[in-house]
Structure formats: structure tokens, C-alpha cells
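Each chain, written out:
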Amino acid sequence: MSATTPGTSARIESTSSLGVLGTLRAGLALSPAMRTGIGVTLALAVLATAGRLIVPIVVQQTTDVGILAPGGVDVGLVLRLCGIAAVGLFAAAACTTWVNVRLFRAAEAGLLQLRVRAFRHVHDLSVLTQNTERRGSLVSRVTSDVDTISLFVQWGGMQLVLSVLQIAGATVAMLFYSWQLTIVVWLAFAPMIVLAPKAQKALNVAYGTVRLRVGAMLGRISESIVGAQTIRSYGAGARTQRRMDEAIGEHRDAAVRAQAFASLAFSSGVLLSGLALGAVVVVGTLLGIDGDLTVGGLLAFLFLVQIFTGPVQSATEVLNELQNAVAGWRRVISVVHTPLDITEPDEPTPAGPRGPAALDFADVTYTYPGSAAPVLHDIELAIPAGARVAVVGETGSGKTTLAKLLTRMMDPDAGSVRLNGVDLRDIALADLRSRVVIVPQEGFLFDDTIAGNVAYGRPDTDADGVAAALERLGLGDWLATLPLGVHTDVGQRGEALSAGERQLVAIARAYLADADVLVLDEATSAVDPATEHRISRALAELTQGRTSVAIAHRLSTAEAADLVVVVDAGRIVELGPHTALVAAGGVYARMHATWISASE
Amino acid sequence: MPSPDDRPLHALSGGAVRRSLLLIGRGIASQPRTFTIAIVASVVYGIGLVASGWLLGRITDGVVLPAIEGSGVSTGSIWLAGLGLLLIGAVTAVGVALRRIYAGIGALDVQAGHRRAVTRQYLRLPMTWHRRHPAGQLLSNANADAEAAGGVFMPLPFALGVLVMIIVAGVAMIAADPVLGIIGVSVLPLVLVVNAVYRNYMSPAITHVQHQRAVVADVAHESFEAAAVVKALGTEDFEERRFAAASRTLRDANIAVGRIRSVFDPVIDLLPGLATLGVLAVGATRVAAGVVDTGAVITTAYLLTVMTFPVRAIGFVLGDLPRSLVGHDRVSRVIDARGYLGAGRHRLGDAVPTDEGLRLDLDGVGVRVPSHDADGAATEADLLTDVTFSVPAGRTVAIVGSTGAGKSTLVDVIARLRDPSSGVVRYDGRDAREIADADRTGAIALVAQSAFVFEDTVRGNVTLADEVEPDGEGLPVSTGSGYTDEQVWAALAIAQADGFVAALPDGLDTVIGERGASLSGGQRQRLAIARALIRRPRLLILDDATSAVDPLVEQAILAGLRRSAGDVTVILVAYRTATIGLADSVVHVERGRVVDAGTHADLLGRDRGYRRLVTAYQRGREEREVAR
């Protein structure tokens with residue numbers, strides 16, 4: 001049992017410390033597909049944005065040259081202008097469509113790369129097998145965090161690109177009509193440009209708080225669901241309700257605060273638009289009186305101000321989404337950037353012929369990261385090929401750590417673990433995993449049939465092969481009790497089966513894996529005696545002709561072993577066959593005596 | 001006290017339109033002040049937008065044109081014009097701020113209200129209801145569904161304000177010039193129609209994306225949960241392929257959504273542009289004919305530009321409505337769920353001293369549930385049939401039976417987590433259904449096999465009470481429950497949990513659970529036992545509660561229990577022979593019926609099924625001995 005060892009092994013940082021640009025750079029490096037054809041896309045985007053300037057320019061031209069023409073209204077010219085402009089609008093719309101499609105395709109292709117890469121990296125890290133508490137948060141790294149980026153690309157990213165271009169385009173066009181008025185417009189928005197970074201930071205904090213509150217709230221609510229029985233048995237309903245109401249209220253308050261803050265930021269944009277418009281009318285008219293600006297020019301400018309302020313106003317929204325996306329991106333990047341603690345050897349050494357293998361621990365010491373004292377000290381142990389070994393010891397004695405080192409879930413601080421004399425670190429991982437197989441305490445079952453679960457990872461074994469394997473393990477009678485035999489669905493996490501039956505499936509799975517060395521992490525939980533009996537029988541068959549190391553909780557396992565290793569406080573204190581140890585009258589003999597009285 | 005069963009249904013009935021209106025009406029009625037402010041602010045905003053367009057036209061005609069053409073306009077009126085635009089901008093900005101803030105408050109309050117209602121139901125509904133509903137689904141009812149149900153209220157005030165704005169703008173445009181006005185107004189229905197078509201294409205695409213996202217999450221979740229197996233068998237490549245396949249489908253779904261957006265967004269943007277060109281072309285001919293002045297053309301063109309985005313807000317509401325209706329339906333299914341266990345009023349233990357064990361009698365207890373036969377047709381199944389036995393005060397009884405024999409249902413009935421369909425459970429001779437809830441939970445403690453740990457301190461987990469803040473000198477005044485730390489430690493000691501708790505970084509104050517320190521299964525079980533013991537229950541039910549605990553530790557716990565708990569009545573569900581050996585008598589249950597009851601020795605002698613069951617373990621050992 002790996003009790004109270006949170007945060008062991010390589011830690012995945014909750015987020016990377018990269019800045020916005022650093023995140024984008026690192027993100028793009030991990031998703032090369034995102035940059036495919038980016039040049040063409042940007043060129044098209046410029047054309048698409050240019051289309052937005054058509055209407056103001058036409059307004060100016062029709063007013064100045066058409067309606068206010070010296071010789072009266074030139075209707076023909078106005079109609080021609082409008083016709084050309086309409087064609088331009090359609091062309092720009094087509095460009096926009098094209099840009100969008102290209103952008104989506106590249107972004108999604110890149111995110112697919114990122115997602116799969118992060119997923120694989122999580123599997124290659126040892127955290128998953130070490131720290132079960134954080135699985136949920138790791139799932140979110142490859143799902144909702146990537147989805148946030150994807151959502152941003154769909155709803156905000158496009159807008160961001162076009163907005164930036166639109167502001168730039170509008171500025172160029174405004175400069176063309178009047179540089180003085182352009183300065184006026186920019187000055188009007190100066191407060192926003194100055195305050196935006198600060199406001200952005202505060203908004204970030206506010207929305208960060210909301211996310212934390214959501215997490216806390218969901219935690220509390222899940223207690224009322226998962227703990228339903230406990231709450232009812234202890235009449236803890238009122239207290240649970242109070243705790244939930246508190247969390248719901250705190251979330252609501254945080255969300256209202258963030259919302260109000262965002263609203264103020266947004267409305268300040270509206271206010272500044274009004275300021276810009278008023279200033280342009282005043283300064284523009286004065287310039288017109290001096291002859292520096294035509295009426296059409298001023299009117300065009302007023303339209304350009306709209307084109308300029310639109311994206312500036314919505315910038316607060318888009319930037320907010322951008323922050324979310326960058327935060328999500330950072331979290332995914334931090335996963336991929338976590339160094340692997342178990343690495344492939346540069347030059348793999350073959351570990352001898354297949355068949356029962358010898359194992360030895362040479363002077364092995366191991367300390368969990370973050371803890372002061374080693375859990376294992378100077379372990380020296382030689383296991384001959386084909387031996388059945390049982391490791392016994394109290395909870396926390398270090399016996400599970402022994403199993404983890406043996407399967408190379410982690411590497412020792414000092415000393416080495418060897419298979420047929422070869423250091424595990426020098427054996428190719430795929431080779432090692434096919435030779436040494438662990439049967440975990442809680443063998444996870446996929447939402448599939450028994451056949452699918454037993455043959456997991458070996459698509460070449462069909463249902464008949466599975467049935468035959470179960471038969472050889474002496475589980476034919478069990479199979480006969482199942483409604484659909486090997487085709488019986490096990491349900492989510494195997495919940496349709498009892499805990500003992502799930503262990504049977506895990507044993508059969510290990511049997512098909514046909515390893516040289518088996519590490520059995522026995523389940524502590526009691527199962528009904530009939531199943532218990534089947535498990536023992538199947539295990540006996542499974543370990544036949546292989547080297548096996550059992551982290552034993554059952555007396556029977558230790559009794560049946562060729563060699564019993566007694567671990568206490570991280571050291572091997574006794575070593576020998578069952579009968580010899582019982583006769584020796586030491587630690588094992590005392591454990592055995594209590595066991596006997598406890599299980600009889 | 002009126003029964004909660006009398007509440008009106010939360011679900012909305014009728015056609016889509018009626019349900020939409022009901023949803024909106026009920027939401028607004030629940031927060032009348034908030035939504036009134038939001039809607040009024042939104043109307044102010046809408047009118048402000050139109051007013052700025054109208055004012056711009058007036059200024060063009062009355063100030064800008066004459067001034068530039070040299071008709072001697074005073075500088076004062078030029079400044080006045082600028083000030084007027086700024087003022088309208090300020091009013092509009094205040095409108096925007098208030099609208100958004102109050103719409104947000106309203107939507108969040110509707111959301112929080114649903115969450116409170118849903119979670120109240122989670123606590124009120126019986127265990128049988130909980131077992132029928134997966135935890136993930138219930139969590140999303142309280143989270144995503146509550147959020148969706150309130151989602152429509154965020155853009156709603158905006159849309160209502162826009163509706164007012166459209167009317168005002170339409171009137172303003174038509175007032176400026178009827179012909180130009182009609183061209184301008186015609187854009188609005190066009191935008192709405194295109195929007196509707198857009199939604200039509202979009203909703204199935206988005207539903208598909210959402211579904212695919214869930215698929216990817218499922219694969220990732222399952223795969224990470226299976227990490228030990230994946231490592232053990234070295235199937236990382238296989239898992240990567242599985243995940244990549246699901247992710248590729250999600251990518252394609254996302255691109256499909258993107259494609260729809262790519263087509264419709266430019267079209268919607270195109271409409272006001274084209275209309276503006278139309279206004280200019282027709283406007284030029286009308287100016288030439290002397291029917292209108294330039295200002296009318298400018299006003300109409302400007303209003304068109306300003307209104308494009310707000311008009312889409314109506315689309316937002318129409319788009320959010322289906323999602324909100326679905327969310328509301330899902331939330332309603334929880335809120336409208338019935339089947340509470342009725343609450344009794346009688347006190348327990350008036351007649352007997354409260355430190356004495358509880359007497360338990362089961363009389364002809366049966367539990368029948370709806371089921372399906374092999375062909376999937378509805379039928380009924382008996383989980384328990386005519387179960388009758390008594391446990392005298394202060395005795396220990398073991399319930400033994402193979403997997404699926406009905407032990408858990410029996411425990412549910414004994415602890416009144418469910419009521420029997422027939423027969424009676426009696427506490428101290430009185431029907432369990434007549435006993436007040438607080439008395440029952442005070443007298444009976446159930447420790448289940450899967451021990452539940454709250455995200456709370458060790459102390460909070462044992463006492464299940466809120467802690468009082470420390471006083472001025474930093475000393476805790478008391479724990480709200482009245483349990484002292486000594487009592488907590490004593491309970492932990494009997495449960496053999498004092499050792500590992502003392503080793504935790506902050507002892508009793510260590511936060512455990514979700515985001516706190518992790519405990520092993522056995523440690524959780526021991527904590528749960530301490531939680532039961534500190535209450536000094538009169539009936540203690542241990543439902544396989546020591547299964548994850550070492551046999552040695554289990555013995556120590558049970559021995560400590562015997563020593564300290566005195567006269568408590570104990571019911572044990574157990575497999576281990578040694579555990580069963582602690583019981584005064586045994587009830588053997590198979591297929592929902594009591595097969596036999598008596599002492600362990602008696603049953604070993606006369607009940608063959610029982611003998612097979614409890615000796616299977618030893619048999620396995622002997623067989624192996626022989627084989628060796």
C-alpha cells in the first residue's frame with residue numbers, strides 16, 4: 001500500500017511560468033502544423049480586412065464627388081461607385097471565408113498534435129502510477145485545457161487577427177484623410193492603452209478566483225453525491241448543505257465580481273468611442289473651416305472611427321478569452337515540458353534468453369522525492385530464476401516500493417536492480433515491460449467485455465483464445481456462471497463484476513502477457529471465500545514456470561513461497577523458506593502466529 | 001409542516017414557444033429588481049446608439065456642412081455638437097455597464113438558485129435514488145446544467161434593449177426618409193433570417209463537437225485510470241493510437257464548425273455593407289431629385305453601421321434558448337424527483353437508558369424492486385424475502401452470505417437507508433419509520449465498505465461538526481459538536497487510526513480528501529470507524545468495514561471495540577472466519593432469504609451452505625498443500 005506519499009516522483013507543475021509570447025512560441029513549437037501556410041493566410045487576411053474599408057471610402061467619394069459635385073448630383077458616378085464597391089465587398093467576404101477555413105484547419109491540426117503529445121507524455125511519466133489523486137487534473141490537461149485553446153481559435157482568435165488588422169487598416173486610411181484627426185482618435189484611446197495591461201492583470205486574478213471557486217464548489221457538491229450514504233447514516237445533511245451553500249455563494253460572488261469588472265472595462269471602451277466621435281466632429285469641423293478637410297473626408301472619417309472603435313471595444317472580451325487560452329496552453333505545455341524520470345537507455349543491453357529470469361537487488365536505496373528519510377536502505381537480495389518469492393511486512397515497511405523498483409516504475413537512488421545480471425536501466429523499456437509484468441492490487445478494467453479486457457493490448461487473441469486461457473487457469477467454472485461467458489460486459493471500471501472477479505480478469509490478463517517475471521501486488525481487501533479460492537488457484541497456475549515476487553498480504557501466499565522476505569522499516573530483516581522462518585521464532589514467526597489466529 | 005411532495009413541478013410544460021416564455025418569465029420573476037435594472041439600462045443603451053446616429057445627421061446638416069461651406073457657424077455650436085456626442089457616449093457607456101453587471105448578477109443568481117435546489121434534493125432523496133444515478137451525471141446536473149439553464153439570462157436584457165432600439169431606429173430612419181428607411185430596416189429581418197439558418201446548421205455541428213469532446217475525455221480518463229495496467233503491459237503505443245483516433249474525430253468536428261462559421265460570419269457582415277451602398281445609390285438619386293437632404297442619407301447609413309452588432313444579440317438569445325431549455329429540463333428531473341422516505345416523529349429511547357444497546361427486530365421484511373427479464377421486459381425482482389430475525393440489546397450478530405445474497409440491501413433496511421416493501425424493522429420495538437430522523441442517526445452508526453472521506457480536517461471528518469474559530473488567545477473555544485480532542489483521539493485509538501493520524505503533518509488539523517493528503521483504503525476505513533465510535537452509537541453496523549484493513553489490525557479494532565463500547569449492539573457483515581467468530585450469533589443469508597440463524601458452531605454443524613462458504617478459504621490452502 002502506498003499510503004501518504006502525495007506528490008511522489010516527478011511533479012508536474014500546475015502551470016509553466018512562460019509569458020504570453022513565450023507560451024505562444026513554445027506552443028507553436030509543439031504544434032508545427034499550426035504554422036502550415038501561415039504566410040498565405042496572413043496575406044489573405046490583409047485583403048479581407050481591406051474590404052472593411054470599402055464602405056467609408058465610398059461614403060466619402062459619393063459625398064464629395066457625387067452628391068456635393070460642383071455641377072449638381074452626379075447620379076451615374078454614384079451608381080458606378082456603389083457597383084464597384086459591391087463587387088469589392090463580395091470579394092472581401094470570399095477572402096474572409098477562405099482565411100477562416102485555413103486558420104481553423106491549421107489550428108486544429110496543431111492542437112491535435114499537442115493533445116496527443118501531452119497524452120503520451122503523461123503516460124510516460126511515472127506520476128500516474130504514483131499519485132492517484134491527481135488523475136482528474138491530468139485528464140483536464142489533455143481535454144478541457146486544449147478545448148479552451150480550440151474555442152479561442154474558433155470564437156476569439158479569428159476576431160483577434162482581423163481586429164488587429166482592422167485597427168491597423170483603419171489607422172492607415174484615417175492617416176490618408178487627416179493625420180491631425182488620426183492623432184485625436186489615438187489620443188482619445190490613450191487612457192485605455194495605458195490602463196489595459198493593469199486591467200487585464202486584475203481581470204485575470206478575478207477570473208482565476210472564479211475558477212478556483214468552481215473547483216471548490218464541485219468538490220463540496222460531489223461530497224453530497226459520493227458521500228450520500230455516510231451523510232444519511234450520520235444525519236450530516238444540514239452541515240453538508242451549509243458547506244455547499246457556502247461554496248455556491250462564494251462562487252456566485254466571485255463570478256459577479258469578475259463579471260462587474262469586465263463590464264466596467266468594456267463600457268470604458270464605449271465611453272472612449274463617444275469621446276473620440278465628439279472630438280473628431282469638433283476638430284474635423286475646425287479643420288474643414290481652415291480648408292484642410294472636405295465634408296466627404298470628415299464623413300468618411302466618422303465611419304472610419306466606427307471601424308476603429310469596434311475592435312478596440314471588443315478587445316477587452318477577446319483579450320480575456322486570450323488569457324484563458326494562454327492559461328490553458330501553459331498548463332498543457334507544462335506537462336510536455338516535465339522531464340521524464342524513466343528514460344530509455346542510449347544503448348540497450350539484451351537481458352539474456354526468454355524464460356524464468358534471475359533478479360537481484362544490489363545495495364539499493366530509495367527515497368521518495370520530498371521526503372527526508374529513505375524508504376529502502378541498502379537492499380541486498382538475490383532471487384534465483386523460477387523462484388516463488390513472497391515479500392511480507394507491515395504497512396509502510398517498504399515492500400510496495402520494492403515492487404515498483406523491480407518493475408522500473410522508478411529508479412533507485414543508489415545501487416541497482418538487475419534482471420539476469422543486467423541493470424534494468426540498460427534494458428530497452430519495451431523489452432523490460434514484456435519480461436516483467438506486474439499484477440496490480442486493483443487491476444483496472446476497461447468498459448468492455450471480459451474477452452476485451454483479458455486480451456487488452458493483444459489484439460491477436462480472440463474470444464476463444466481468452467476462453468481457453470481462462471480454462472487453463474482453472475476459471476472455467478467461473479466463466480460458466482457468467483450470463484454471456486467471455487462476452488459479458490464488465491461495465492465502467494469493471495463495476496459489474498465483484499472486486500474478486502476483477503482480480504481474476506487481471507490475473508488472466510497477466511497470463512496472456514506471458515512474462516518471465518511476475519510481480520504480484522496482492523489485494524488486501526477480503527473477497528468472498530469462493531472467489532478467494534479461485535484467485536489462489538489461478539495465481540498458482542499463473543506463476544508456474546516463472547519467477548514470481550508477491551507483495552503478500554495473505555498467509556497462504558507466504559506459505560506457498562520458496563522464499564519469504566521479511567521487510568521492516570525499509571530493511572530486509574529475515575530471509576528464508578516459510579518453515580525455516582517459523583522455526584526460527586523471529587518476526588515472521590510472530591506474524592504467522594497472529595495470522596493463524598486471525599484467519600482461523 | 002407541508003410535505004415536500006406537495007411542491008409544484010419545476011419542469012416546464014407545453015410547446016417550445018410556451019416553454020421558452022415560461023423559462024424567461026420565471027427567471028425574471030425570481031429576480032425582478034435585478035432584471036428590471038438590466039433591461040432599463042439596455043433600453044438606455046439602445047436609444048443612446050440611435051440618438052448618436054440621429055445627432056450625427058443633425059450635426060452634419062446643421063453644423064458641419066454650413067461651417068465648412070463658410071456659412072458662419074459659431075465656434076460655440078461646434079463645441080456644443082462635440083459635447084453632445086460625448087454626452088450620449090457617456091450615457092450609452094453607463095447603460096452598457098449597468099446592463100452587463102445586472103444581467104450577470106441575474107444570470108448568476110438564477111444559476112446559484114438552481115444549484116441550491118438541486119443539491120437540496122441530493123441530500124433529501126433516498127439512497128435508492130442515488131444508486132440509480134451515476135455520480136458524474138449528478139455532478140453535471142449541479143454544474144453544467146445549472147449553468148446552461150441560467151445561460152440565456154446573460155444576453156436577454158441586451159436583446160430586449162435591442163428590440164426597443166430597432167423600433168426607435170426604424171422610426172428614426174423612416175422619419176429621415178421613408179424610402180431610405182425601408183432599405184435600412186429591411187436589413188434587420190435579413191440578418192435574423194440568415195442567423196436562423198446559421199443556427200440551424202450550427203446546432204447539430206456543435207452538439208457533435210460536444211459529444212466528441214466527451215468521448216475524448218472518456219478515453220483520456222479511462223486510459224489514465226488504467227495507468228498501472230498500461231505500464232505493466234507496456235501498451236503506451238496502443239493507448240496513444242486509441243486517444244489519437246478519438247482526437248482526430250474531434251478535430252474534424254471542430255473544423256466542420258469552423259467551416260460553417262467561415263461561411264456565415266462574412267455573409268452577416270456583408271448585409272449592412274450592401275444596404276449602406278443601396279442607401280447611398282438611392283440617396284444620391286433622391287438628393288438629385290431634391291426629395292431629401294444629405295443629412296438623411298448620412299443618418300440612415302450611419303445607423304446601419306452602428307446597429308449591425310447589437311442586432312445579432314437577438315440571435316444570441318435565440319441560440320442560447322435551446323441550450324437553456326435542455327439545461328432546465330435536466331435540472332428539473334432532479335428537482336421534481338420524489339420518493340423521500342417519510343420522517344417519523346417519535347423519540348427513540350424514552351423508555352430505556354440511552355447508554356444501553358438498541359434492540360433490533362426484523363419482521364417479515366421484503367424488498368421488491370422493478371427489474372427486467374432476459375428479454376428486457378419490465379418485471380419485478382425480490383432483493384429480500386420474508387427476512388425475520390432479532391438482535392437483543394448489546395449482542396453482536398454477523399450477517400454472512402455469498403456475493404449478491406442481499407446483505408447490502410439488508411443493511412440498507414436496517415439503517416433505514418431504504419424502507420422495506422413489506423414487513424417491519426423495529427428499533428426498541430417501535431417501527432423504524434415512526435422514529436424521528438435525528439434520533440435514528442444519533443443512535444445508529446453505519447460504517448460502509450467504501451469509506452467516504454470529506455475534504456476536511458481529520459477532526460472534521462471524525463466529528464462531522466464545524467469548528468469554532470480560535471478565541472483571542474489562539475485557543476480553540478470548543479468544537480461545535482462538543483467533542484473534545486481527547487475524545488477524537490480516543491475514538492481514533494480504538495479504530496487503530498491514532499498512529500497514522502499522529503504522523504500526518506498537522507495531526508488532527510491535516511486536511512484530507514480531494515485536495516488534501518491521500519489516505520490508503522485501510523486508513524480511510526479506520527477513520528470511518530472512528531467517526532462511528534465517537535458518537536457512542538447504540539447500534540453499530542460494520543458493513544464489511546474492515547475489508548481493506550490488515551487482518552491483524554482488524555483484530556485489534558474489534559477487540560478494542562468490545563472493550564470500550566460496552567453494551568452497544570453490533571451488526572457485522574464479514575467474510576473472515578475470525579471476524580465472524582467475534583459474533584454471538586450468525587445470520588446466514590442467501591438469495592434474499594434467511595437460510596439459517598444461530599451460533600457459528602451450530603451453523604457449521606447443520607448448515608452445509610454455510611460450512612462451504614466459510615471454509616472455502618481453508619480448503620484452498622489445503623488443496624495447495626496436497627498439490628505440493
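Cut-offs and rules
- Residues numbered from 1 in each chain as written.
- Chains lettered and ligands numbered in written order.
- Predicted model: local features only at pLDDT ≥ 70, side-chain atom pairs only at ≥ 80, totals over all residues.
- Heavy atoms only, no water.
- UniProt positions renumbered as here; feature names shortened; annotations may be inferred.
- Pairing = 2+ DSSP bridges.
- Helix = DSSP H or I, 4+ residues; strand = E, 2+ residues; numbered from the N terminus.
- Contact = heavy atoms within 4.5 Å.
- Axes fitted to C-alpha atoms, helices over the stretch in contact; angles between N-to-C directions.
- Core = buried A, V, L, I, M, F, W, Y, C linked by side-chain atoms within 4.5 Å.
- Buried < 20%, exposed > 50% of the residue type's maximum accessible area, 1.4 Å probe, protein only.
- Arc of directions from axis to C-beta.
- pLDDT = per-residue confidence, 0-100.
- Buried area = accessible area lost by both parts, 1.4 Å probe.
- Salt bridge = Lys/Arg side-chain N within 4 Å of Asp/Glu carboxyl O.
- Polar contact = N/O pair within 3.5 Å; in protein donor to acceptor, adjacent residues only side chain to side chain.
- Parallel < 35°, antiparallel > 145°, perpendicular 65-115°, else oblique.
- Left-handed = near helix turned anticlockwise from the far one by under 90°.
- Nonpolar A, V, L, I, M, F, W, Y, C, P; charged D, E, K, R; others polar.
- Lys, Arg positive; Asp, Glu negative; His and termini not counted.
- Phe/Tyr/Trp six-rings, centres within 6.5 Å; stacked < 30°, edge-to-face > 60°.
- Lys NZ or Arg CZ within 6 Å of the ring centre and 35° of its normal.

Per an unreviewed UniProt entry, chain B is named ABC transporter ATP-binding protein, and its organism is Occultella gossypii. In the Subcellular location (unreviewed entry) part of its UniProt record, chain B is described as follows: "Cell membrane".

Engineer: Explain the sheet that holds strand 1 (residues 359-366) of chain A residue by residue, including any values.
Structural biologist: Residue and element names in this part refer to chain A. Read from one edge to the other, the open sheet built from 4 strands follows the order 2-1-4-5, with strand pairing classed as antiparallel. Every other strand in the sheet has two partners, leaving strand 2 (376-383) and strand 5 (422-423) as the edge strands with one partner each. In this structure, strand 4 (residues 414-419) lies alongside strand 5, joined through 2 bridges in antiparallel fashion. Across the sheet, Arg418 pairs through a bridge with Asp423, a residue of strand 5. The strands that helix 13 (residues 399-406) touches are strand 1, strand 2 and strand 4; relative to strand 1, the one it contacts most, it runs at about 120°.

Engineer: Account for the nonpolar core, with residues named and values stated.
Structural biologist: Judged by nonpolar contacts, the single largest core of 143 residues is most densely connected at Val185(A), Phe189(A), Val280(A), Phe301(A), Phe308(A), Ile59(B) and Phe243(B). With residues up to four places along the chain from it excluded, the contact list for Phe301(A) reads Met174(A), Tyr177(A), Ser178(A), Leu181(A), Thr182(A), Val185(A) and Val280(A). Counting residues in each nonpolar core, the second largest holds 71 residues, with Ile335(B), Val570(B), Val586(B) and Leu603(B) among its members.

Engineer: Which residues make up helix 14 (residues 485-494) of chain B, and what are the values?
Structural biologist: All names here are of chain B. Taken as a whole, helix 14 has its buried residues at Val488, Ala491, Leu492 and Ile494. Seen end-on, helix 14 carries its buried residues on one side only, within an arc spanning 165°. If you follow the buried residues of helix 14, they end up packed against helix 13 (458-463), helix 15 (498-503), helix 16 (521-533) and helix 17 (551-564). Immediately beyond the C-terminal end of helix 14, within one or two residues, lies Gln496, with a positive phi of roughly 60°.

Engineer: Got a sec to walk through the confidence of the model for chain A? Specific residues and values, please.
Structural biologist: When pLDDT is averaged along chain A, the result is 83, and 93% of the positions lie at 70 or above. Here residues 1-10 of chain A is a poorly scored stretch, pLDDT under 50, and it has 26 contacts once near neighbours within four places are set aside; other chains count.

Engineer: So, the interface of chain B and chain A: which residues are in play, and what are the values?
Structural biologist: Listed by partner, the interface residues are 156 residues for chain B and 154 residues for chain A. Of the roughly 14,100 Å² buried between chain B and chain A on both sides combined, carbon and sulfur atoms contribute 69%. Where chain B packs against chain A, one counts 7 salt bridges. Scanning the region where chain B abuts chain A turns up 24 residue pairs in polar contact (both at pLDDT 80 or more).

Engineer: If you had to explain the side chain of Asp431(B) to someone new, which residues and values would you point to?
Structural biologist: All names here are of chain B. Relative to the helices and strands, Asp431 resides in strand 5 (residues 430-431). Exposure remark for Asp431: the relative accessible area of 16% places this residue in the buried category. Engagement of the side chain of Asp431 in a polar contact is seen with the backbone nitrogen of Arg433, the distance being 2.9 Å. Look past the residues within four positions of Asp431 in its chain and what remains in contact with it is Val424, Val425 and Arg426.

Engineer: Run through the packing of helix 14 of chain B against helix 16 of chain B, naming residues and quoting values.
Structural biologist: Residues and elements named next belong to chain B. Closest axis-to-axis distance for the helix 14/helix 16 pair is 8 Å, and the angle between their directions is 125°. Overall, the two elements helix 14 and helix 16 adopt an arrangement that is oblique. The interaxial crossing formed by helix 14 with helix 16 has right-handed handedness. Contacts between helix 14 and helix 16 pair Ala491, Leu492 and Ile494 from the former with Leu527, Ala530 and Leu533 from the latter. Tallied by class, the residues present in the contact of helix 14 with helix 16 amount to 6 nonpolar, no polar and no charged.

Engineer: An account of the side chain of Arg433(A) is needed here, citing residue identities and associated values.
Structural biologist: Here Arg433(A) shows up in helix 14 (residues 429-435). For the buried Arg433(A), which has no salt bridge, the nearest side chain bearing the opposite charge is Glu236(B), at an N-O separation of 4.5 Å. Reaching out from Arg433(A), the side chain makes a polar contact with the backbone oxygen of Lys231(B) at a distance of 3.3 Å. Look past the residues within four positions of Arg433(A) in its chain and what remains in contact with it is Thr407(A), Arg408(A), Lys231(B), Ala232(B), Leu233(B) and Gly234(B).

Engineer: Outline the packing of aromatic side chains, listing residues and values.
Structural biologist: This structure, assessed with the given rule, holds 13 aromatic pairs over all chains. Taking 4.0 Å as the distance between ring centres and 5° as the angle between the ring planes, the aromatic pair formed by Phe119(A) and Phe243(B) counts as stacked. Here Phe243(B) lies in helix 9 (residues 236-288) and Phe119(A) lies in helix 4 (residues 75-124), a pairing that spans two chains. The class of Phe243(B) is buried, set by a relative accessible area of 0%. An aromatic cluster is built from Phe119(A), Phe224(B) and Phe243(B), whose rings are joined through pairwise contacts. Over the aromatic face of Tyr45(B) sits the side chain of Arg99(B), whose NZ or CZ is 5.0 Å from the ring centroid. Positioned above the aromatic ring of Phe266(A), the side-chain terminus of Arg100(B) is 4.5 Å from the ring centre.

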